[in-house]
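Here is how the chains run, residue by residue.
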Amino acid sequence: MEQLVYLDHAATTPVSSSVLAAMQPFFCDCYGNPSSIYEFSMKSKKALTAARETIASALGCEPSEIYFTSGGSESDNWALRGIAEEMGKKGRHIITTKIEHHAVLNTCKWLEKNGFRVTYVGVDENGIIKMEELRRAVTPDTILISVMAANNEIGTLQPIREIGLFAKQKGIYFHTDAVQAFGHIPIKVNEANVDLLSASAHKFNGPKGVGFLYVRQGVPLPSMIYGGGQERGRRAGTENIPGIVGMGEACREAMAQMKNRAERERYLRDYFIYTVLRNIPYTRVNGSRKQRLPNNVNFSFQFVEGESLLIMLDMQGICASSGSACTAGSMEPSHVLMALGLPEEVVHGSIRFTLGAETTKEEIDFTIKKTKEAVAKLREMSPFF
Ligand SMILES: *Cc1c(COP(=O)(O)O)cnc(C)c1O
């Protein structure tokens, strides 16, 4: 393969050179266990504290409210299962949306099997939560509302400030999966009245297998992993120091560059969308054009199989993602795109491109050209076109 055009940053991102450099000393030189008392382990302990402070300052919270985890999935599981366990005596109803990541949806399914009731609130045709439906779903039994800050497939930004305020007024805990949002758009937990927030380092140029859960002071979240007293007794296990240090540096870099980077990505995103809509007929953009992550582009090409298009783009070195997932040999249409009310055949022709800091206009132009060719070829073969 001659060149690689990586347009799948919602799946994962490269580790930046400054993140790698920050992590390097913590493998072979400063490898001390932060729980040890000798001087040698102090460097690990200090690095852990520094990373916690960096992340807390990005969210506008206290360092003691940050708990390091193995990533977004663990943070989501912990928030939902923890609140369910603790609050199960008070109530057994949880509200979420139809378009959450599977880390939330499959945890909700497990909770449903274990005596909880879950309401999955719908979204409008732009992929924004129906606030009226959310308000109506609340019962005296409701203990938790979990709504993602930004969607991983269509990039829509949910009104988390409005939801946070509503949850607070009702005395219900509010969790947000901010894995796609953190490091990309500003989020302050106090402004948004968020009680619990999940994030993952590898979605903002940090390493894989590390993330955090923000837990507001006073929220009664029990431990899910028993063992030693790490993370103030709430999450056992020797800390992933290189990973946490990398996440801290990725956070620092993301905050410093956020404004410029988002501006650049927005420009490329809108150029991409505009040019494709002008040049490829029978195409639609999925998700709100306004309330949208700076780096997300999601198209449906009618009369085209998303998977076939992906394979043709892959042959050109272009990495993207489709709106369908192959499960056990059958094509499972994206639950997010189905929730928009799109017909199944349109969902099957969907493809997501997510841009990153290193994406260039030349790469976008190349991708547009190759997409146009591939779509034309696939439509030629389609009996429906
Ligand atoms: C990637 C992602 C997750 C899972 O994070 P991991 O760190 O890969 O476990 C959860 N939620 C959203 C919205 C994501 O995009």
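Since we're looking at a predicted model, the values are computed, not measured.

### Here's the deal with the overall build of the protein chain
Summing up its helical and strand segments, the protein chain has 13 helices and 15 strands in all. Its C-alpha atoms give the protein chain a radius of gyration of 21 Å, within 12% of the compact-globule value 21 Å for 385 residues. Referenced to the eigenvectors of the C-alpha coordinate spread, the extents of the protein chain come out at roughly 70 × 55 × 40 Å. Per-residue burial for the protein chain yields a buried fraction of 57% across its 385 residues. Counting contacts in the protein chain only where the partners sit at least 6 residues apart, residues at least 24 apart contribute 72% of the total.

### A few points about the site of the ligand
Looking at the ligand, there are 13 residues lining it, with Ser73, Asp177, Gln180, Ser200 and Lys203 nearest. Note that an oxygen atom of the ligand is positioned 2.6 Å from one of the side-chain N or O atoms of serine 200. Here an oxygen atom of the ligand and a side-chain polar atom of histidine 202 are 3.0 Å apart. In isolation the ligand offers 380 Å² of accessible surface; the protein chains occlude 86% of this area.

### Quick word on the pattern of salt bridges
One pass over the full model with this rule turns up 15 salt bridges. Between arginine 135 and glutamate 132 there is a salt bridge, and its shortest N-O distance comes to 3.3 Å. Taken together, the residues span about one helical turn, with arginine 135 and glutamate 132 both in helix H6 (residues 131–137) at a distance of 3 residues. Taking the shortest distance from any N to any O, the salt bridge between aspartate 270 and arginine 269 comes out at 2.9 Å. Salt bridges here are not isolated pairs; linked through shared partners, they connect Arg52, Glu231 and Arg232.

### Side note on the nonpolar core
It is characteristic of soluble globular proteins that their nonpolar side chains tend to be buried jointly. Core analysis: the largest hydrophobic core is formed by 54 residues, its most contacted members being Ile145, Leu197 and Phe212. Only helix H1 (17–23), helix H3 (42–59), strand S2 (66–69), H6, helix H7 (160–170), strand S7 (196–200), strand S8 (211–215) and helix H9 (241–279) provide two or more residues apiece to this core. Per element, the largest residue contribution to this core is 7 residues, and it comes from H3. Once residues lying within four places of it in the same chain are set aside, the contact partners of phenylalanine 212 are Ile55, Leu59, Ile66, Tyr67, Phe68, Thr69, Ser75, Phe182, Leu197, Ser198, Ala199 and Met247. Judged by nonpolar contacts, the second largest core, of 26 residues, contains Val285, Phe301, Leu355 and Ile364.

### Description of the sheet that holds strand S12 (residues 321–322)
Overall, antiparallel pairing links the 4 strands, which are arranged S9-S10-S15-S12 in an open sheet. Here the strands that pair on one side only, and so sit at the sheet edges, are strand S9 (283–285) and S12. Here 2 bridges tie S12 to strand S15 (residues 350–354), and the two strands are oriented antiparallel to one another. Looking across to S15, one finds that serine 321 is bridged to arginine 352. In the packing of helix H10 (residues 306–314) onto the sheet, the strands contacted are strand S10 (296–301), S12 and S15, and the crossing angle to S15 comes to about 45°. Sitting on the sheet, helix H13 (residues 361–381) touches S9, S10 and S15, and the angle it makes with S10 is about 20°.

### Some remarks on the sheet that holds S2
One open sheet holds the 7 strands; their spatial order is S2-S8-S7-S6-S5-S3-S4, and the pairing between them is mixed. Each edge of the open sheet carries a strand with a single partner, namely S2 and strand S4 (117–121). On average, each strand axis in the sheet is inclined to that of its neighbour by 20°, with strand direction left out of account. Here 3 bridges tie strand S5 (residues 142–146) to strand S6 (residues 173–177), and the two strands are oriented parallel to one another. Bridge pairing in S6 places serine 146 opposite histidine 175. In the packing of H3 onto the sheet, contacts are made with S2, S7 and S8, and the angle to S2 comes to roughly 120°.

### What about the domain arrangement of the protein chain?
Parsing the protein chain into structural domains produces domain 1 (5–13 + 259–381) and domain 2 (17–253). Computed over C-alpha atoms only, the centres of domain 1 and domain 2 are separated by 28 Å. Of the roughly 2,100 Å² buried between domain 1 and domain 2, counting both surfaces, carbon and sulfur atoms make up 51%. The largest per-residue losses of area from domain 1 upon contact with domain 2 belong to Thr13, Leu293 and His335, which jointly make up 27% of the total buried on that side. Summed over the shared surface of domain 1 and domain 2, the number is 0 salt bridges. Summed over the shared surface of domain 1 and domain 2, the result is 16 residue pairs in polar contact (both at pLDDT 80 or more). Broken down by secondary-structure element, the contributors of at least two residues to the side of domain 1 that touches domain 2 are H9, S10 and helix H11 (335–339). At 4 residues, the largest contribution of residues to the side of domain 1 that touches domain 2 is made by H11.

Conventions we followed
- Residues numbered from 1 in each chain as written.
- Predicted model: local features only at pLDDT ≥ 70, side-chain atom pairs only at ≥ 80, totals over all residues.
- Heavy atoms only, no water.
- Helix = DSSP H or I, 4+ residues; strand = E, 2+ residues; numbered from the N terminus.
- Rg over C-alpha atoms; globule rule 2.2 N^0.38 Å.
- Buried < 20%, exposed > 50% of the residue type's maximum accessible area, 1.4 Å probe, protein only.
- Contact = heavy atoms within 4.5 Å.
- Near = heavy atom within 4 Å.
- Polar contact = N/O pair within 3.5 Å; in protein donor to acceptor, adjacent residues only side chain to side chain.
- Areas by Shrake-Rupley, 256 points an atom, 1.4 Å probe, with all protein chains shown as cover.
- Salt bridge = Lys/Arg side-chain N within 4 Å of Asp/Glu carboxyl O.
- Core = buried A, V, L, I, M, F, W, Y, C linked by side-chain atoms within 4.5 Å.
- Pairing = 2+ DSSP bridges.
- Axes fitted to C-alpha atoms, helices over the stretch in contact; angles between N-to-C directions.
- Domains from an automatic or database assignment.
- Buried area = accessible area lost by both parts, 1.4 Å probe.

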